[in-house]
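Descriptive analysis of the structure
These are the residues of each chain, in order.
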Amino acid sequence: MTSSMTGFGHSRHINKETEIYCEIKSVNHRFLDISIKPNDISNELDLFIRDAISKKVKRGTLDIRLKLKFPSSNSYIINNESLRNLGKSIDGVKLLEIKKLTFSDIKDIPGIIKTEQKIQVNQNLIKKVFKDAFKTFLLNRAAEGEKINKLFLSKLNKINKCISKLESSNKKLLKIRSESLKKKVHNICETVDKDRLAQEVALLALKHDVAEEIERINFHTSSLKKELVSRSGSGKKIDFILQELFRETSTLSVKLDIPRYKQIALDMKLIVEEMREQAQNIE
């Protein structure tokens, strides 16, 4: 089924001192481009996220944002060597009379006390929150794709109605065009070879015959419908079919010279152009 390249999904986990938030957004792009922030997450988690996305998403720019807060604990290490050196330096200065060093005396001296903070990161919990957000994201893209799908099918029905009108009147149009050409020639020449005239008129009329264009448009609309309902439907293929469809409707609008029918061809051309704009959003 058709899937949109734009989508949004998010998930959150909060429990005591642990808070994890994941947000996924995507916009149109010719290829798959993944951005993960913050970029200092572990390589294992980065690869997990990228692998999960590449299995389900073909195209689009994806922006994944993680906000992580885990419980932490601090440990303190006293550099005894530096502390002894400090004591010797103080003893060597006769003007200083310090009997005993206290913690407040040494806490701000560089190199004496080293603080280490340990954060209890739960990788499995981050993965779970990401998977929940990714599931919501995929459902959102599918819902947007379904809207595009319905829009396309509606426009294809309009094109088919236009084609039916032209198809049923093509022979009539050829006859009208042939009669019109004969009258023009008769107005110019009073004496003319009737057989020769009929041949020339037939050739000129055939140049404006739209049977081939109608046949090709029917083929392209049928191909487009199949692609829209296919499980492996491709945005690139849909865009290509629409290019061909646009080319045929353009030719049709040039060949038809009777205003009423020319307008039908122009309406089809406009519908195809609208679909081409929407196709830019299909994965």
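Residues numbered from 1 in each chain as written. Predicted model: local features only at pLDDT ≥ 70, side-chain atom pairs only at ≥ 80, totals over all residues. Heavy atoms only, no water.

As for the packing of aromatic side chains
The geometry of an aromatic ring pair comes down to the distance between the two centres and the angle between the two planes. For the coordinates displayed, the defined rule picks out three aromatic pairs. Ring plane angle 10° and centroid distance 5.6 Å describe the contact between Phe130 and Phe134, whose orientation is recorded as stacked. Taken together, the residues span about one helical turn, with Phe130 and Phe134 both in helix 4 (residues 123–188) at a distance of four residues. Given the relative accessible area of 1%, Phe130 is considered buried. Where Phe134 meets Phe137, the ring centres are 6.0 Å apart and the plane angle is 15°; that geometry is what we call stacked. Of this pair, Phe134 and Phe137 are both found in helix 4, three residues apart, which corresponds to roughly one turn of the helix. Phe137 shares its class with Phe134; the two are buried. Among the aromatic residues, ring-to-ring pairing joins Phe48, Phe130, Phe134 and Phe137 into one connected group. The ring of Phe48 carries Lys127 above its face, with NZ or CZ at 5.0 Å from the centroid. (Phe/Tyr/Trp six-rings, centres within 6.5 Å; stacked < 30°, edge-to-face > 60°. Helix = DSSP H or I, 4+ residues; strand = E, 2+ residues; numbered from the N terminus. Buried < 20%, exposed > 50% of the residue type's maximum accessible area, 1.4 Å probe, protein only. Lys NZ or Arg CZ within 6 Å of the ring centre and 35° of its normal.)

Concerning the pattern of salt bridges
Opposite charge on two side chains allows them to pair when their charged atoms are near. On inspection of all chains with the given rule, the structure shows 17 salt bridges. Notably, a salt bridge pairs Arg65 with Asp63, separated by 3.2 Å at the nearest N-O pair. The exposure class of Arg65 is partly exposed, given its relative accessible area of 38%. Connected through shared salt-bridge partners, Glu212, Glu213, Arg216, Glu248 and Lys255 make up one network. (Salt bridge = Lys/Arg side-chain N within 4 Å of Asp/Glu carboxyl O.)

Overview of the sheet that holds strand 4 (residues 60–69)
Each strand in a sheet pairs with its neighbour through backbone hydrogen bonds, running either in the same direction (parallel) or in the opposite one (antiparallel). Strand order across the open sheet formed by four strands is 1-2-4-3, with mixed pairing between neighbours. On the outer flanks of this sheet lie strand 1 (7–15) and strand 3 (32–37), each paired with one strand and no other. Averaged over all pairs of adjacent strands, the angle between their axes in this sheet comes to 10°, without regard to strand direction. Note that strand 1 and strand 2 (residues 18–27) share nine bridges and pair antiparallel. Counted as the bridge partner of Ile14 is Glu19 from strand 2. Of the strands in this sheet, strand 3 and strand 4 are in contact with helix 1 (residues 43–56), which crosses strand 3 at around 150°. (Pairing = 2+ DSSP bridges. Axes fitted to C-alpha atoms, helices over the stretch in contact; angles between N-to-C directions. Contact = heavy atoms within 4.5 Å.)

Thoughts on the packing of helix 6 (residues 211–229) against helix 7 (residues 235–255)
Close contact between helix 6 and helix 7 brings their axes to 10 Å; oriented N to C, the two are set at 155°. The orientation of helix 6 with respect to helix 7, classified from their angle, is roughly antiparallel. The two elements helix 6 and helix 7 meet at a crossing, and its hand is left-handed. Seen from helix 6, the contacting residues are Glu213, Arg216, Ile217, His220, Thr221, Ser223, Leu224, Glu227 and Leu228; seen from helix 7, they are Lys237, Ile238, Ile241, Leu242, Glu244, Leu245, Glu248, Thr249, Thr251, Leu252 and Lys255. Per-class residue counts for the contact of helix 6 with helix 7 are eight nonpolar, five polar and seven charged. (Parallel < 35°, antiparallel > 145°, perpendicular 65-115°, else oblique. Left-handed = near helix turned anticlockwise from the far one by under 90°. Nonpolar A, V, L, I, M, F, W, Y, C, P; charged D, E, K, R; others polar.)

Interpretation note: all reported values are geometric properties and have no functional meaning in isolation.
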